[in-house]
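# Architecture and fold: a report
Listed below are the residues making up each chain.
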Amino acid sequence: MKNLFAQAQKHKSRIAIISTGQSYSYTDLISKSTELAHFLLRGRTDLNGARIAFLMPPSFEYTALMWAIWRAGGIAVPLCEKHPLASLTYVIEDTQAECLVYSKEFKNKLEPLSEKVTYSFDFEEAESQNITLDLAIKKERSALILYTSGTTGNPKGVVTTHQNIEAQITSLTRGWGWSKEDHILNVLPMHHVHGIINVLSCALWSGACCEFLSRFDSKKVFDSFSRESINVFMAVPTIYYKLIVFWKELSLTEQEEISSILKKFRLMVSGSAALPVSVLEAWKKISGHVLLERYGMTEMGMAISNSYRAKRIPGHIGLPLEGVTVRLADEQNQPVKEGNQGEIQVKGPNVFKEYWNKPKATQATFTKEGWFKTGDIAVFENNCYRILGRNSVDIIKSGGYKISALEIEEALRKHPDIKECGVVGVPDEEWGELICASLIVNKETLDFKAVSTWLKSLLPSYKIPRKYILQEDLPRNVMGKVTKNELKKLFI
Ligand code: MLC
Ligand code: AMP
């Protein structure tokens, strides 16, 4: 990622990051990441692809550490604050992380993991070393592993190279008119591409400022906007939904104040899940902006986007970004005739390298000709793409998170009173999809609240079912397979 740092050299005294009310310049970022890189290297000249896992709130420190890992030749593995120990352990073991770095609020939570790595340290304890760092990292080298849920087994580690990341950043900075005058507010979790690439890395590539909120909170978002320096915002549809609800509860004067500030924004983007037209329309009334909807995935960053400059079409995701090639294909991986629906398949320098330690899964996700198979079904109409759904009912999108129904089912089956279960995502205006579970149990009744509490030790809160039903048996087809679409109807 030499270019990201080379870019930073151009903007030395500009503000790069604002976190916990403090401003940090590009020079601060360069020198802190140099110090940390030396600390991580421990006398070596190159981390040679060692995985460095870290759990830090979205902040200057998070960013400096990520840059340090990249600059020292390591692979960054950002962990999720909301994950219980079981999920964190899985990632540490799966990546065979050499080192675990954390900020002090996570020290106790991570204590049991320290023996699984060669060394771990509290970020605050990293000794400062005033040395220069001049390691040239080849762009083909792996840079980042982000975990994503799939239709089989446990979450997979998506490996992207420095080159992939650079391609993902530059297609967006060019396509969406980023400049050093921009100031973006980040409210997203920092273990997914939306926060890491679209918000943080695009800002830093451009010499712009990225301001962090430690977590999403509607009031804090509007308070930040009220200071009138932020001019770019990106979020998942659920966040826009929540902001609309909050805005509606404000007094008329407050509503007018917020709306007049929002109207001055340069850009507002929605993605990671389908943007309901009702949310687009409501936000347009509040902010004067037609949200720019785009489509992406952990494995490829952003691929398709509505236009920054021209008309945006509600309910549609637009056209391929610069450098990205897209086609729609049938089940035999043959391109479909124009106007027919098909799976979105993608080629380009933005597409990931591999699933970590899973060569078979990597091979299965590409066609023989090297197209990445997204699993999303779309149609090309009105000169742009429109998403119709996914080719698997077992993938749920809730709050912008991708969730595997099978992973939740596997966890539920570990409960002593649950014999069998079926998990589905049911359409929901606020969350996109709501996770619902049907349970077959070996007693008369079951305390669903207690089940959710128990499940939280195995899964993060966003993977916990919100509705349960008890059934004698699950709906099945003649082959005995659970018919998830039938199951969904029971919750609607
Ligand atoms: C949380 N809650 C849910 C829920 N998640 N209820 C239903 N469904 C869900 N999915 C409930 C909690 O139980 C709690 O309720 C209350 O909401 C607050 O919980 P929280 O954890 O504090 O939620 P909050 O912080 O408000 O989270 C909402 C959110 C979050 C929208 C901010 O989901 C989020 O950050 N989503 C973004 C995910 C993201 O970045 N995806 C990008 C992936 S990359 P109670 O009753 O207990 O108080 C990708 C590629 C691309 O997709 O294209 O970008
Ligand atoms: P993730 O694996 O978390 O990166 O999620 C990627 C998935 O999010 C894609 O495969 C799509 O299913 C979904 N997605 C992203 N953007 C959009 C969008 N604008 N509309 C509909 N679905 C989207």
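Residues numbered from 1 in each chain as written. Chains lettered and ligands numbered in written order. Predicted model: local features only at pLDDT ≥ 70, side-chain atom pairs only at ≥ 80, totals over all residues. Heavy atoms only, no water.

### Quick word on the sheet that holds strand β15 (residues 319–320)
- Overall, mixed pairing links the nine strands, which are arranged β2-β1-β10-β9-β11-β12-β13-β14-β15 in an open sheet. Strand pairing shows two members of the sheet lacking a second neighbour, β2 (22–25) and β15, which therefore form its edges.
- Relative to strand β13 (residues 292–297), strand β12 (residues 267–270) is paired through two bridges, and the arrangement is parallel. From the neighbouring strand, V269 faces β13, where its bridge partner is L292.
- In the packing of helix α8 (residues 218–226) onto the sheet, contacts are made with β9 (183–186), β10 (209–212) and β11 (232–235), and the angle to β9 comes to roughly 165°. (Pairing = 2+ DSSP bridges. Helix = DSSP H or I, 4+ residues; strand = E, 2+ residues; numbered from the N terminus. Contact = heavy atoms within 4.5 Å. Axes fitted to C-alpha atoms, helices over the stretch in contact; angles between N-to-C directions.)

### Topic: the packing of helix α9 (residues 237–248) against helix α11 (residues 277–287)
- Following both chains from N to C, one finds α9 and α11 inclined at 50°, their axes separated by 10 Å at the closest point. One finds that α9 runs oblique with respect to α11. Where α9 crosses over α11, the handedness of that crossing is left-handed. Across the interface between the two elements, P237, Y240, Y241, L243, I244 and W247 from α9 touch V279, A282, W283 and I286 from α11.
- Of the residues contributing to the contact of α9 with α11, the split by class is ten nonpolar, no polar and no charged. (Parallel < 35°, antiparallel > 145°, perpendicular 65-115°, else oblique. Left-handed = near helix turned anticlockwise from the far one by under 90°. Nonpolar A, V, L, I, M, F, W, Y, C, P; charged D, E, K, R; others polar.)

### A word on the packing of aromatic side chains
- Counted by the stated rule, this structure contains 19 aromatic pairs.
- Considering the side-chain rings of F366 and F372, the 5.8 Å spacing of their centres and the 55° angle between planes classify their relative orientation as tilted.
- We classify F366 as partly exposed; its relative accessible area is 21%.
- When its relative accessible area of 0% is taken as the criterion, F372 is described as buried.
- An aromatic cluster is present here, built from F222, F225, F233, Y240, F246, F265 and W283 joined pairwise through their rings. (Phe/Tyr/Trp six-rings, centres within 6.5 Å; stacked < 30°, edge-to-face > 60°. Buried < 20%, exposed > 50% of the residue type's maximum accessible area, 1.4 Å probe, protein only.)

### Topic: helix α10 (residues 252–263)
- Its twelve residues place the ends of α10 16 Å apart at the C-alpha level, agreeing with the 16 Å of an ideal helix rising 1.5 Å per residue.
- Among all positions of α10, only Q255, I258, S259, I261 and L262 are buried. Angularly, the buried residues of α10 cover 160° about the axis, an arc narrow enough to put them on a single face. Every exposed residue of α10 that faces more than 90 degrees away from the buried side is listed here: L252, T253, E256, E257 and K263.
- Buried-residue contacts for α10 involve α8, α9, β12 and α11. (Expected span 1.5 Å × (residues − 1). Arc of directions from axis to C-beta.)

### Description of the site of ligand 1
- Close contacts around ligand 1 come from 26 residues, with R215, S272, R294, K397 and R466 the closest.
- Separating an oxygen atom of ligand 1 from a side-chain N or O atom of K82 is a distance of 3.1 Å.
- One of the side-chain nitrogen or oxygen atoms of S398 is found 2.8 Å away from a nitrogen atom of ligand 1.
- Against a free-state accessible area of 1,100 Å², the protein chains account for coverage of 77% of ligand 1. (Near = heavy atom within 4 Å. Polar contact = N/O pair within 3.5 Å; in protein donor to acceptor, adjacent residues only side chain to side chain. Areas by Shrake-Rupley, 256 points an atom, 1.4 Å probe, with all protein chains shown as cover.)

### Digging into the packing of helix α3 (residues 60–71) against helix α7 (residues 193–206)
- The interhelical angle for the contact between α3 and α7, taken along N-to-C directions, is 80°, at an axis separation of 13 Å. In terms of axis orientation, α3 runs roughly perpendicular to α7. For the pair α3 and α7, the contacting residues are Y62, T63, M66 and W67 in the first and I196, L200 and L204 in the second.
- Of the residues that constitute the contact of α3 with α7, the class distribution is six nonpolar, one polar and no charged.

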